[in-house]
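If you want the building blocks of each chain, they are given just below.
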Amino acid sequence: FSDIFRNNCTKNGLAPVVLSQASVDQLWAFIDEDPKVEITVDMERLTVEVPAKGFKESFPMDAPTQHRFLNGLDDIGITMSHSDEITSFESTRPSWLTN
């Protein structure tokens, strides 16, 4: 994925999972064999699994992006997680800036 596409995906709640071509080919084969096969993307362990086939593959993801997914955060949620620091900063600003 390009950096812009990957970034847009994460901001829209879509996990850009990168696997080897061999693993992707295996997943397609499983789907071709059984279109209802269960595929699990585990964001905590950063794995893709197909339990019925014994398939398990890890994928890379940076810690801030993983945190975003595990906590259901969008950009506003990430900003609001710093509300105490924002309030503290705002309290030190001159009053003429807040009017």
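See above for the structure.
Heads up: these notes are all about the structure in this document. These figures come from a predicted structure and were not determined experimentally.

What follows deals with the environment of phenylalanine 59. Along the chain, phenylalanine 59 turns up in the loop between β3 (55–58) and α3 (63–70). As a C-alpha pair, phenylalanine 59 and leucine 73 span 14 residues in sequence and 21 Å in three-dimensional space. In this structure phenylalanine 59 touches Val17, Val18, Leu19, Val41, Asp42, Met43, Leu46, Thr47 and Val48, once residues within four positions along its chain are discounted.

Within this structure, the stated rule accounts for 1 aromatic pair. Measuring from centroid to centroid gives 5.9 Å for phenylalanine 30 and phenylalanine 55, while their planes differ by 80 degrees, and the two rings are edge-to-face. Of the two residues, phenylalanine 30 sits in helix α2 (residues 21–33) while phenylalanine 55 sits in strand β3, which places them 25 residues apart along the sequence. For the pair phenylalanine 30 and phenylalanine 55, a shared accessibility class is recorded, and that class is buried.

Attention shifts here to unusual backbone geometry. Notably, leucine 46 is not glycine yet its phi reads approximately 55 degrees, a positive angle. Checked against the element boundaries, leucine 46 lands in the loop between β1 (40–42) and β2 (47–50).

Read across the sheet, 3 strands follow the order β1-β2-β3 without closing on themselves; strand pairing throughout is antiparallel. With partners counted over all chains shown, the strands left at the sheet margins are β1 and β3, one partner each. On average, each strand axis in the sheet is tilted by 15 degrees relative to the strand beside it, whichever way the strands run. Two elements, β2 and β3, share 4 bridges in a ladder whose sense is antiparallel. If you follow valine 50 over to β3, its bridge partner there is phenylalanine 55. The strands that α2 touches are β2 and β3; relative to β3, the one it contacts most, it runs at about 145 degrees.

Analysis parameters
Residues numbered from 1 in each chain as written. Predicted model: local features only at pLDDT ≥ 70, side-chain atom pairs only at ≥ 80, totals over all residues. Heavy atoms only, no water. Helix = DSSP H or I, 4+ residues; strand = E, 2+ residues; numbered from the N terminus. Contact = heavy atoms within 4.5 Å. Phe/Tyr/Trp six-rings, centres within 6.5 Å; stacked < 30°, edge-to-face > 60°. Buried < 20%, exposed > 50% of the residue type's maximum accessible area, 1.4 Å probe, protein only. Pairing = 2+ DSSP bridges. Axes fitted to C-alpha atoms, helices over the stretch in contact; angles between N-to-C directions.

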